[in-house]
Amino acid sequence: MNIKKDEFMTIESINPATGHSIQTYESHTDQDIEAALSRSIRAHQALKQLSFADRAKYMHRVAEILEQDVEKFAKILTQEMGKPISAAKAEVKKCADVCRYYADHTEGFLEECEITTDAKRSYISYEPLGPILAVMPWNFPFWQVFRFAAPALMAGNTCVLKHASNVPGSALAIADIFKRAGFMDGAFETLLIGSDKVEGILKDPRIKAATLTGSEKAGASVAAIAGSQIKKTVLELGGSDPFIIMPSADLEAAVKAAVTGRTMNNGQSCIAAKRFIIHSDIYEDVKARLKVAFEELKIGDPMEEDTDIGPLAMPQIRDDLDEQVQKSVSMGAVRVTGAEVMAGDGYFYRPGLLENIPEYSPAANEEFFGPVASLFKVQNLEEAIARGNKTRFGLGAAIFTQNEDETKIAVRELRAGGVFVNQIVASNPRLPFGGVGISGYGRELSDIGMKEFMNIKTVSIK
Ligand code: NAP
């Protein structure tokens, strides 16, 4: 992970489109961490006393601030991690949506649930746990945080954010939004710290649980530490989602979705379609269409409204991707187009397609966190599903088909946290989101995500 720190413990954000420094921030000290945890536990005591209506009032205000200042926030995202500005604005607006969704639905989600037993009355009541540590990644610097924080705060939990070290400006902007919206001091704390500080925070008794979105390695570490303290974790980790295209599919729609699915966010999305599994009857046609579409993508300054692809977020991300591509090619994979480092300033990588993927190559087995698609030719649905499931990941899966039997079989047989038919895999505040296998466990979003960090209290009255 490319953490830019120096001996004076500063964190620097760097514009990946130019490689130039944007700003340097002082890291928080151990005393700062201590003060933040104290504020967080105090805020939890106050927040849980507030009515849902009062919490909702603040959460609606958060949504208003996001919408009022969408241009300002989008610029921070684009400058810190390189996503096209149009996508950055869409991300900020989606955060406003998730805030409104939980502002409007939390009271209903957390209503006491009556259950008939032999007691006079039995029911379930939902209670917040307290301060929750959120370790978050840089690829959707606002969305990843808001999709956790909106339900957490509405439920009465408080949030302690350790954001990725390359997006300190985003982390501070988010904390400021919650403060401006009226949430009490401590309800949302952000700590500018390296990952070496996470263990101490997780072991602090004031932190009641943790959520991490990021890599397998970081997830395993946080889960192990939290496990040693008997604290619950939710892990949203990587993915190598299959995207199956069958002959009955609307090919134009499928190809359009395939290009978006692989290249959105400059290819740096956990739920990006990564392995394209195409029926042999349409393989050459789909490949040719994908090649044209990939070559037409506008690569360049992410601040331009019509840019499709900006730089990768850090030199390490670009170099790791290039190493995976080169290793796959050296094992026998063939470049159909692109898939190479681009010369010049910034961390740009030309979107590309690989085919003839060898079985044990990175293109078959690893997550490609950048705009390179791996194409696989299969003879039938059974083979497509077997190929789709040939991975240790299990986040999302997509299939394009007009055939109802194929849809039923694919939905049942694909091993993933979500199956999307005739559309790309996407998160939605109304639907649970999460994975199986090394993509993690637990869910975010919907009422299910909210209840991950609640004491589901059984009450039985004789
Ligand atoms: P990463 O290195 O795991 O970083 C994610 C966060 O974890 C950062 O805040 C990072 O802090 C922290 N971290 C790293 N190592 C840690 C450790 N040992 N202990 C505690 N915290 C640690 O992930 P990344 O490579 O930047 O992000 C890309 C990965 O995230 C991909 O695999 C992607 O698929 C996955 N992802 C998953 C989802 C999902 O919803 N399932 C969404 C987005 C991304 P520093 O920045 O200070 O290192």
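Residues numbered from 1 in each chain as written. Predicted model: local features only at pLDDT ≥ 70, side-chain atom pairs only at ≥ 80, totals over all residues. Heavy atoms only, no water.

(A) Seen up close, the pattern of salt bridges. All told, the structure shown has 32 salt bridges when counted by the stated rule. Residues joined in a network through salt bridges with shared partners are Glu-34, Asp-204 and Arg-206. (Salt bridge = Lys/Arg side-chain N within 4 Å of Asp/Glu carboxyl O.)

(B) Spotlight on the sheet that holds strand β9 (residues 232-236). Spatially, β7-β6-β5-β8-β9-β19 is the arrangement adopted by the six strands of the open sheet, whose pairing is mixed. The open sheet has two edge strands with one neighbour each: β7 (188-191) and β19 (440-441). Taken together, the five bridges between strand β5 (residues 131-135) and strand β6 (residues 158-162) define a ladder with parallel strand orientation. Each residue of the ladder has a partner; that of Val-135, found in β6, is Lys-162. Together, β5, β6 and β7 form the strand contacts of helix α1 (residues 30-47), whose direction differs from that of β6 by roughly 155 degrees. Taken strand by strand, helix α6 (residues 168-180) contacts β6 and β7, and its axis lies near 160 degrees from that of β7. (Pairing = 2+ DSSP bridges. Helix = DSSP H or I, 4+ residues; strand = E, 2+ residues; numbered from the N terminus. Contact = heavy atoms within 4.5 Å. Axes fitted to C-alpha atoms, helices over the stretch in contact; angles between N-to-C directions.)

(C) Main features of the state of the cysteines. Scanning the entire structure with this criterion turns up zero disulfides. The thiol sulfur of Cys-95 is not disulfide-bonded, and the nearest other cysteine sulfur, from Cys-99, lies at 6.9 Å. (Disulfide = S-S within 2.5 Å.)

(D) Representation of the confidence of the model for the protein. For the protein, the mean per-residue pLDDT works out to 97, and 98% of the residues sit at or above 70. When the criterion is pLDDT under 50, residues 1-7 qualifies, and its contacts beyond four places in sequence or with other chains add up to 15 contacts. (pLDDT = per-residue confidence, 0-100.)

(E) A look at the packing of aromatic side chains. Evaluated as defined, the whole model comprises 13 aromatic pairs. Between Phe-142 and Phe-146, the ring centres sit 5.7 Å apart and the planes meet at 40 degrees, which makes this aromatic pair tilted. Seen in terms of ring centroids, Phe-148 and Phe-453 are 6.2 Å apart; in terms of plane orientation they differ by 90 degrees. Their pairing is edge-to-face. Here Phe-453 lies in the loop between α15 (446-451) and β20 (454-461) and Phe-148 lies in helix α5 (residues 143-155), a separation of 305 residues in the sequence. (Phe/Tyr/Trp six-rings, centres within 6.5 Å; stacked < 30°, edge-to-face > 60°.)

(F) Seen up close, the environment of Thr-10. Within the element layout of this structure, Thr-10 appears in strand β1 (residues 10-15). Exposure remark for Thr-10: the relative accessible area of 13% places this residue in the buried category. In sequence terms Thr-10 and Ile-193 are 183 residues apart; their C-alpha atoms lie 8.9 Å from each other. (Buried < 20%, exposed > 50% of the residue type's maximum accessible area, 1.4 Å probe, protein only.)

(G) Highlighting the domain arrangement of the protein. Per the domain assignment, the segments making up the protein are domain 1 (10-236 + 437-461) and domain 2 (241-421). Between domain 1 and domain 2, the contact holds 25 residues from the first and 29 residues from the second. Across the interface of domain 1 and domain 2, roughly 2,100 Å² is buried in total on both sides, 59% from carbon and sulfur atoms. Remark: the boundary between domain 1 and domain 2 carries two salt bridges. (Domains from an automatic or database assignment. Buried area = accessible area lost by both parts, 1.4 Å probe.)

(H) Region of the structure containing the site of the ligand. Every one of the 30 residues lining the ligand counts as a neighbour, but Trp-138, Arg-147, Ser-165, Ser-215 and Glu-367 are closest to it. Within the contact set of the ligand, an oxygen atom lies 2.5 Å away from a side-chain nitrogen or oxygen of Trp-138. Between the ligand and the protein, one listed contact pairs a nitrogen atom with a backbone N or O atom of Leu-237 at 2.7 Å. The fraction of the free accessible surface of the ligand (910 Å²) that becomes covered by protein chains is 90%. Broken down by element, the shell around the ligand gets its largest block of residues, three residues, from helix α8 (residues 216-228). In terms of residue class, the shell around the ligand is built from 15 nonpolar, eleven polar and four charged. (Near = heavy atom within 4 Å. Polar contact = N/O pair within 3.5 Å; in protein donor to acceptor, adjacent residues only side chain to side chain. Areas by Shrake-Rupley, 256 points an atom, 1.4 Å probe, with all protein chains shown as cover. Nonpolar A, V, L, I, M, F, W, Y, C, P; charged D, E, K, R; others polar.)

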